[in-house]
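Here is what each chain is made of, one letter per residue.
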Amino acid sequence: MIKVDGLIKSFPKGKGRTYALRGVTFSVEEGEIFGYLGPNGAGKTTTIKILTTIWKQDEGEAWVAGYNVRTTPGKVRERIGWLDGMNIELMWMTHAPVKYNIAYFASLNGIPSSLALERARELMELLDLDPDLDVPIYKYSFGMKAKLALVVTLLHNPDVLFLDEPTIGLDVPTRSKFYDMLRELREGGKTIFLSSHMLHEVEKVCDRAAILNRGEIVAVGRINELRLLSLIDVLNVRFRVSGDENLIREVLKEVPGLKLLNFMRVGKGEYSISFRVPRQSSDLIATANELLVKSGVKVLRIEEQIPSLEEAFLSLIGDENEPS
Amino acid sequence: MSLLNIKAKGTAIAQILRLSEVNLQISLYYLGRSIITVTVALLRIIMRLLPFSVLGQVLAAGYRTSLPEFVTVGLAFSAALNDSLISPLRSWRQKGIFENHMVSKLGVRGVLLSHLVLSCIRGEVLFATILIMGNLISPEFSLKTLPYLMLMVPSISMTGFGIMLMSAGYHLRTQRIVPVPLYLRFLTWAFGEVFFPLDKISPILSRLGWFVPTIFLIRRLRFVYSGTPILAEILSKIAQTYLLGVLFLVLGFLVINGGLEEARSKGTTTRIFLGV
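Small disclaimer: the values here were computed from a predicted structure and weren't measured.

Cut-offs used in this document
Residues numbered from 1 in each chain as written. Chains lettered and ligands numbered in written order. Predicted model: local features only at pLDDT ≥ 70, side-chain atom pairs only at ≥ 80, totals over all residues. Helix = DSSP H or I, 4+ residues; strand = E, 2+ residues; numbered from the N terminus. Buried ≥ 20, exposed ≤ 12 C-beta atoms within 10 Å, placed from the backbone. Contact = placed C-beta atoms within 7 Å. Core = buried A, V, L, I, M, F, W, Y, C linked by C-beta atoms within 7 Å. Domains from an automatic or database assignment. Nonpolar A, V, L, I, M, F, W, Y, C, P; charged D, E, K, R; others polar. Pairing = 2+ DSSP bridges. Axes fitted to C-alpha atoms, helices over the stretch in contact; angles between N-to-C directions. Left-handed = near helix turned anticlockwise from the far one by under 90°. pLDDT = per-residue confidence, 0-100. Expected span 1.5 Å × (residues − 1).

A. Here's a closer look at the overall build of chain B. Scanning chain B from terminus to terminus reveals ten helices and zero strands. Starting at the N terminus, the α and β elements of chain B follow one another as α-α-α-α-α-α-α-α-α-α. Burial analysis of chain B (276 residues in total) assigns 42% to the buried set. For chain B, restricting intrachain contacts to residue pairs at least 6 apart in sequence, the fraction spanning at least 24 positions comes to 77%.

Dropping the structure here:
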């Protein structure tokens, strides 16, 4: 449904140019929710703006719903919906009632007002939004505006949805409702391209994802594959132990190469300790176990941990970047 | 989802007109919210035009010219032109809306055409209202000429709209702010024969009129207003104004198309300035 091949985009900067995308290639299948992740400035919004025909690429080609975004932008626009989280506060005629705002966005896509309002009421009910269309927009909270933004994006029944940070600024219940709606849309056959900062939520809703860093794709695949990809060179291990906390800490200091990720009390005298060790030095785990037992600490359980998407993300983009 | 079954309906022209209709509904809603909003809207128009009207009257008194008709036509013309220069694209001042227009099925060109239709409608209403009110002051005006005059209003809107497009297109291309519509409004009112004849001011100042393209329109408007009985002459003048309107409109679309392509390449589509 979306195919991107060697996309390059640069912008003028001083006398030279700065590159936002350096040959990005990936594809998205029909009817899947595809996460597009990366730190700030990685090129996520640039990719979305090229795929939605707002900006033009320097080199490379991209196709959306079977149409080339450079040569047939009009055909692409007929089949897409675009929602930019940064625009949620800014896209409305705030003193006009909801119905006029809906009619306006519908008419931009050739939908008659009466049909649009009927459809909007149904979508608003699905999103738990009060379907009173005579309320002026300025009375809406941010979360309500975000839901309405999704409603107007869906009015013309797009085949592909581009959502750029759509849940930014939303509270947890609203985000949850929002993602439920995305799942329903996927069930209805929509393809959703989702760029988001909420990695722990992306991993729940997305089928596949791409991780972008400094204009290049670092990894692309199913969420579980991405998690495991970060473990090619390392092992994450969790110990469940019982004993004196200070003693445990002293013992673990004696094992060099063991990177402590987490030390958490989980019960009376019981602790959960997470480590990361290089895969070729996995014998360090046995060494730690042996030292703990020798010093009288009771080792209750040892298990290998699968990292969260956020941990995998940090591992894949390197430590110099903050999670996006 | 079974609900997702709405598709665009009608031809491109029908869709453009539909957007114009929605925009008109929104304008009427804003206007009709209360008597206060109506009053404020009327006052705003009057305040914009009043200083030049007064200046015209003062000069008229000085030069002993019969001015009421002159000022009435000037006011009506100015109101129509002003609307095409300012009102249609106020929505672009909202950050983000411009890109929403770009992604829409109608696209920026379709949205612009729908605003032009709206501008013509609003221009007609303002123009006719001022002329009919002016007729109360100046009974020599023959209402028989009103249909011909109203036929000329779209050409005024097209000219103003073309100028606004050129200004916005230049900004999109260069990111430099040159408020052409603002300059043009000033020049039109001051040296565009809107409120007083140019030959009544000093020859040096009157040469500034050469730089005001709308003089071409208003001279022909006054010719028709004067009530010439020869239909062929009236139609010829109307055709001439449309030639200018089409010329400016085509130029405007060419400039904004170029600007839009440039902004798409540079990634500066979020920064739009209309110079109003």
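B. Geometry of the nonpolar core. All names here are of chain A. With 138 residues, the main nonpolar core has Val151 and Phe193 as its most contacted residues. Residue contributions to this core reach at least three from each of two domains, namely domain 1 (2-222) and domain 2 (234-317). When sequence neighbours within four positions are dropped, the list of residues in contact with Val151 reads Ala120, Leu123, Met124 and Leu127.

C. Molecular detail of the domain arrangement of chain A. All names here are of chain A. Under the domain assignment used here, chain A contains domain 1 (2-222) and domain 2 (234-317). Inter-centroid distance (C-alpha atoms) of domain 1 to domain 2 is 41 Å. Contact with domain 1, which involves ten residues of that partner, is made by six residues of domain 2. Counting only elements with at least two residues in the side of domain 1 that touches domain 2, the list comes to helix H7 (199-205), strand E9 (208-213) and strand E10 (216-222). Residues belonging to the side of domain 1 that touches domain 2 are distributed by class as follows: seven nonpolar, two polar and one charged.

D. Local environment of the environment of Arg222 of chain B. Note that Arg222 of chain B resides in helix H9 (residues 215-225). Spatially, the C-alpha atoms of Arg222 of chain B and Leu149 of chain B are 9.0 Å apart, while their sequence positions differ by 73 residues.

E. Inspection of the interface of chain B and chain A at higher detail. Tallying the contact residues gives 35 residues for chain B and 37 residues for chain A. Contributions of two or more residues to the side of chain B that touches chain A are made by helix H1 (12-32), helix H4 (97-103), helix H5 (107-137) and helix H10 (231-266) of chain B.

F. Here's a closer look at the sheet that holds strand E14 (residues 298-304) of chain A. Residue and element names in this part refer to chain A. Taken in spatial order, the four strands of this open sheet run E12-E13-E11-E14, and their pairing is antiparallel. For this open sheet the edge positions go to strand E12 (259-267) and E14, each flanked by a neighbour on one side alone. Ignoring strand direction, the axes of neighbouring strands in this sheet form an average angle of 20 degrees. Here nine bridges tie strand E11 (residues 234-242) to strand E13 (residues 270-278), and the two strands are oriented antiparallel to one another.

G. Broad picture of unusual backbone geometry. All names here are of chain A. The backbone phi angle of Ala65 is positive, close to 50 degrees, even though this residue is not glycine. Even without glycine at this site, Asn157 takes up a positive phi of about 60 degrees. Tracing the chain through its elements places Asn157 in the loop between helix H5 (142-154) and strand E7 (160-164).

H. Focus on the packing of helix H3 (residues 98-108) of chain A against helix H4 (residues 113-126) of chain A. All names here are of chain A. At their nearest, the axes of H3 and H4 sit 9 Å apart, and the two run at 115 degrees to each other. In this structure, H3 meets H4 at a crossing whose hand is right-handed. Across the interface between the two elements, Lys99, Ile102, Ala103, Ala106 and Ser107 of H3 pack against Ser113, Ala116, Leu117 and Ala120 of H4. Taken together, the residues of the contact of H3 with H4 sort by class into six nonpolar, two polar and one charged.

I. Summary view of the sheet that holds strand E5 (residues 67-68) of chain A. Residue and element names in this part refer to chain A. The strand order E2-E1-E4-E5 describes an open sheet built from four strands, whose pairing is antiparallel. Two strands close off the open sheet at either side, each with one partner strand: strand E2 (16-28) and E5. Here strand E4 (residues 59-64) runs beside E5; their pairing, made up of two bridges, is antiparallel. Of the residues in E5, the one forming a bridge with Trp63 is Asn68. Docked against the sheet, helix H1 (residues 44-51) engages strand E1 (2-13), E2 and E4, running at close to 115 degrees with respect to E1.

J. Highlighting the packing of helix H6 (residues 146-174) of chain B against helix H7 (residues 180-191) of chain B. Residues and elements named next belong to chain B. Two elements in contact, H6 and H7, have axes whose closest approach is 8 Å; the angle formed by their N-to-C orientations is 140 degrees. Residues Ile163, Met164, Met166 and Ser167 of H6 form the contact with H7, whose participating residues are Val180, Pro181 and Leu184. Counted by class, the contact of H6 with H7 contains six nonpolar, one polar and no charged residues.

K. Expanded view of the confidence of the model for chain B. Residues and elements named next belong to chain B. Looking at chain B, pLDDT values average 79 and 78% of them are 70 or higher. Put simply, helix H2 (residues 35-63) is where chain B has its lowest mean pLDDT, 67, and H10 is where it has its highest, 92. Between residues 1-5, whose pLDDT stays under 50, and residues either more than four places distant or in other chains, the model counts eight contacts.

L. Seen up close, the pairing of E4 of chain A. In terms of strand pairing, E1 of chain A meets E4 of chain A through five bridges, oriented antiparallel. Its bridge partner being in E4 of chain A, Ile2 of chain A is matched across the sheet by Val64 of chain A.

M. Fine view of H5 of chain A. Residues and elements named next belong to chain A. Taking 1.5 Å per residue, 13 residues should reach 18 Å; H5 reaches 19 Å between its end C-alpha atoms and fits that length. Within H5, eleven of the 13 residues are buried, which leaves it mostly tucked inside the rest of the structure. Buried residues of H5: Gly143, Lys145, Ala146, Lys147, Leu148, Ala149, Leu150, Val151, Val152, Thr153 and Leu154, and no others. Buried residues along H5 sit against strand E6 (80-84), H3, H4, E7 and helix H6 (172-187).

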